[in-house]
Amino acid sequence: MSSLITPQLVTLDVDLGSDRAGVIRALAQRVVDAGRATDVESLFADAWAREQKTDTGIPGGIAIPHCRSTAVLEPTFAMARPNPPVDFGAPDGPADLIFLIAAPDGADQEHLRFLSKLARSLIKPDFVQALREAPTEAAIVALVEGALSDEPAASASTAKPAASTAAAGATAAGATAVGATGTTTVERPSLVAITACPTGIAHTYMAADALVAAAERAGITLHVETQGSSGAKPLDPAIIAAAGAVIFAVDVDVRDKGRFAGKPLIQSPVKRGIDAPDAMIAEAVAAADDPNARRVGGTGQNAVAQGAEGDEHVGKKLQRYLLTGVSYMIPFVAGGGLLIALGFLLGGYEITGPAGDIVVNNSLFNLPDGGIGQYLGAVAFIIGSTSLGFLVPALAGYIAYAIADRPGIAPGFTVGAVALLMNAGFLGGLVGGLLAGGAAYAIGRLQVPGWLRGLMPVVIIPLLASIVASGLMLLILGGPISLLMTGLSDWLSSLSGASAILLGIILGVMMGADLGGPINKVAYAFAVAGLGAGSVDNQSPWMIMAAVMGAGMVAPLGMALATTIARNRFNALERNNGKAAWLLGLSFISEGAIPFAAADPLRVIPASIVGSGVAGAIIMGAGVTSQAPHGGVFVFFAIGNFPVFMLAVAIGAIVTALIVVALKKWAVKKPVDSLETDTATAVPVAA
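Predicted model only: the values in this text are computed from it and were never measured.

(A) Quick peek at a nonpolar patch on the surface. On the surface, a nonpolar cluster with roughly 980 Å² of combined accessible area is contributed by L342, L345, L346, L364, F365, L367, I372, L376, F636 and F637. Elements with a contribution of two residues or more to the nonpolar patch: helix 10 (314-347) and helix 12 (371-388). Mapped onto the elements of the fold, L342 is located in helix 10. Judged by relative accessible area, which is 32%, L342 ranks as partly exposed.

Following this line, the structure appears as structure tokens:
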């Protein structure tokens, strides 16, 4: 394996400015100059995107920007010791030791293990001090290689060997104390912890080591499971059972949270595990003795990557619950919708009537009068209809799952089936899922005897939550929701002319407003949830789906076109993104326009909104339909009047491209001296 660092990758005692972005760019340039990455801007963009998620400065004057990037050719560790130091968001001030860890997007486990090992060395005071005192680039390289080999580094006389001051962690529930009269066993409190970050290279392991060291200082036994990129070894169930509390220092979802069901929980972003490990250990010890402490439910519910969930806004929680249900529902709708469309293609629209009889009474060796096409069309229609029949139960079930984890699934599916029985449709599924999840969550938080706790997630919670949610749906809510659904369906069926075009504009604007964000997802969820109500006699839900899908294709295609017709208005990285955006747009992946919007939101977003609104209006006005919830041009057979659909998308993309090019050409800041001399005509516009 080649060295992770070379003298060429080290910058010592130079002024890199006061801007962290400039420092990261300078280190990225070093990596490219060393032949270890292909493109400075691409590497910088990936490292800066990681920096935007969480400050990478940590206590002790250290910063560790890091990323995985397709621009990186081999795992690399670049270092700067700037003078003056640069602020990277650490609580105790700017950093005078800055380390860029750059990993290839597909790095192997051995390389990732070494990068992780190097990162966790950076919380060892002796190693860090040696780096500060190293006189030359070669001395820095020797120190790093020594840390990787667990051997003292052979370097200049002033360079100190890398030494570990963080404890490795106890492996038993008891600790041994040696006194003047002999050896005695002292019982120590026991905790468990999970550390995880999005990249899984640096913070995951540094937080683990910092927490272990803090636990040693507090006389606590701590067992940590690092869910990082170099693999994770699950904690022994016996260790989990013996622990008084669990710490989640995470920025991503914890794998298999149900293992910790019922444990008092302390949860924070992974960086707090590095910045304030002693506080987290103290909080966990206090929680272990607090009967009212927050727990991982009776179910492991929702210890999600939101930092402390209690700080999440109610509206944000509700959005997350609903979008979780929609995301799990989509495969049922996608498969079902495409199969129904295939059934219509093979057997004609009239297949809806005789399909059941054909499938039951015929076979490949006993074809119906319509031949093989009618038979296969009937088979595809029946399978698709069956899949779509799970739409409402799946929506309700997985909304409940988002709220209460696995014990919410059964009551959620049950109330969804009841909503279907009551003709309450997808609105019944939404309401029922929230009821089932809320009931399961509340029941799971009840304090029960230890002997009963094992029955809670598999018997008691599903039973009681099903009774509560389905009972309310049957006795009180089902009828009113059914009437509301009937009214909504009738209104959609009556849309024509100007009202249909207006709805198309609204849906298009929502799809183009934030490119895969919450507004976009609301419009998409509305279309997908109503798709199952579409039929030959009521094609309005199919029209809405077509408008949403077509409008969602516009932004990436528009940006791809803009980078083609006005290349000089975009940098090299944006032009490369434009090439990829062609395929992403044709596939209905709105997120293909996000890199452009992130770099220039005040020009790209308005252009996207206008173009998407135009496409949505044309599609709704022309009555174009789609029975598929996703796929773009690749599900052409499920799109009614496909040529008009593509014409609408093309017009929307052209509008977007022309607007963004015009804004980049004319909506620019005037020079300062021009503003000073011609303030009467200066117009403040976005940069």
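(B) Here's a closer look at unusual backbone geometry. The omega torsion across N83 and P84 is 10°, close enough to zero to call that bond cis. Mapped onto the elements, P84 comes out in the loop between strand 5 (76-81) and strand 6 (97-104). Residue N423 is not a glycine yet carries a positive backbone phi of 60°. Structurally, the position occupied by N423 is in the loop between helix 14 (409-421) and helix 15 (425-444). The class of N423 is exposed, set by a relative accessible area of 58%.

(C) Summary view of the side chain of E51. Assignment of secondary structure puts E51 in helix 2 (residues 40-53). Discounting residues that sit within four places of it in the chain, E51 has contacts with R20, I24, T56, P65 and F88.

(D) The arrangement of the sheet that holds strand 11 (residues 246-250) in detail. A sheet is described by the order of its strands in space; here four strands give the open sequence 10-9-11-12, paired in parallel fashion. Single-partner strands in this sheet number two, and they are strand 10 (221-226) and strand 12 (265-268). Strand-to-strand twist across the sheet, computed as the mean angle between neighbouring axes with direction ignored, equals 15°. Across five bridges, strand 9 (residues 190-196) lies against strand 11 in parallel orientation. Within the sheet, the bridge partner assigned to I194 lies in strand 11 and is F248. The sheet strands contacting helix 6 (residues 203-218) are strand 9, strand 10 and strand 11, and the helix crosses strand 10 at an angle near 175°.

(E) Representation of the pattern of salt bridges in the model. This structure, assessed with the given rule, holds 12 salt bridges. E74 is paired through a salt bridge with R36; the nearest N and O atoms lie 3.7 Å apart. Residue E74 is found in the loop between strand 4 (66-69) and strand 5, and its partner R36 is found in the loop between helix 1 (20-33) and helix 2; the two are separated by 38 residues along the sequence. Classification of E74 as partly exposed rests on a relative accessible area of 24%. Exposure remark for R36: the relative accessible area of 6% places this residue in the buried category. Two residues, D600 and K664, come together in a salt bridge whose shortest N-O distance is 2.8 Å. Of the two residues, D600 sits in the loop between helix 22 (594-599) and helix 23 (601-622) while K664 sits in helix 24 (residues 642-666), which places them 64 residues apart along the sequence. Overlapping salt bridges, with partners in common, bring together R20, E51 and D55 in one network.

(F) Quick look at the layout of surface pockets. Counted as a void, the second largest pocket has a volume near 580 Å³. Along the walls of the second largest pocket sit 17 residues, with A45, L573, N577, P595 and A599 positioned nearest its centre. At the level of elements, helix 2, helix 21 (572-586) and helix 22 are the ones that each hand at least two residues to the lining of the second largest pocket. Here the lining of the second largest pocket gets nine residues from one element, more than from any other, and that element is helix 2.

(G) Layout of the packing of aromatic side chains. With the rule as written, the count across this model stands at 13 aromatic pairs. Geometrically, the ring pair formed by Y398 and Y401 is edge-to-face, given 6.1 Å between the ring centres and 80° between the ring planes. Taken as a pair, Y398 and Y401 lie in helix 13 (residues 391-404) at a separation of three residues, close to a single helical turn. Given a relative accessible area of 18%, Y398 falls into the buried group. Ring plane angle 90° and centroid distance 6.3 Å describe the contact between F570 and F596, whose orientation is recorded as edge-to-face. With F570 in the loop between helix 20 (540-565) and helix 21 and F596 in helix 22, this residue pair connects regions lying 26 residues apart in the sequence.

(H) Up close: helix 21. Across its 15 residues, helix 21 extends 22 Å between first and last C-alpha, which sits within 8% of the 21 Å expected from 1.5 Å per residue. Its maximal kink placed at A580, helix 21 deviates by approximately 35°. Next to the buried residues of helix 21 lie helix 20 and helix 22. By the N-cap criterion, in which a side-chain oxygen at the helix start approaches the backbone nitrogen of a residue two or three places on, helix 21 is capped by N571, the distance to E574 being 2.7 Å.

(I) The pairing of strand 10, seen in detail. Burial analysis of strand 10 places five of its six residues in the buried class, the great majority of the element. As defined by bridge partners, strand 9 adjoins strand 10 across six bridges and the pair is classed as parallel. Pairing of S190 across the sheet is with T221, part of strand 10.

Criteria and thresholds
- Residues numbered from 1 in each chain as written.
- Predicted model: local features only at pLDDT ≥ 70, side-chain atom pairs only at ≥ 80, totals over all residues.
- Heavy atoms only, no water.
- Patch = residues over 30% accessible without salt bridge, like charges linked within 9 Å, V, L, I, M, F, W, Y side chains within 5 Å.
- Areas by Shrake-Rupley, 256 points an atom, 1.4 Å probe, with all protein chains shown as cover.
- Salt bridge = Lys/Arg side-chain N within 4 Å of Asp/Glu carboxyl O.
- Helix = DSSP H or I, 4+ residues; strand = E, 2+ residues; numbered from the N terminus.
- Buried < 20%, exposed > 50% of the residue type's maximum accessible area, 1.4 Å probe, protein only.
- Contact = heavy atoms within 4.5 Å.
- Pairing = 2+ DSSP bridges.
- Axes fitted to C-alpha atoms, helices over the stretch in contact; angles between N-to-C directions.
- 1 Å grid on protein atoms, 1.4 Å probe; cavity = no way out; pocket = protein on both sides within 12 Å on 5 of 7 lines; lining within 4 Å.
- Points joined across faces, edges and corners; volume = space filled by probe spheres on them.
- Phe/Tyr/Trp six-rings, centres within 6.5 Å; stacked < 30°, edge-to-face > 60°.
- Expected span 1.5 Å × (residues − 1).
- Bend = angle between axes of the 7 residues up to and from the residue.
- Polar contact = N/O pair within 3.5 Å; in protein donor to acceptor, adjacent residues only side chain to side chain.

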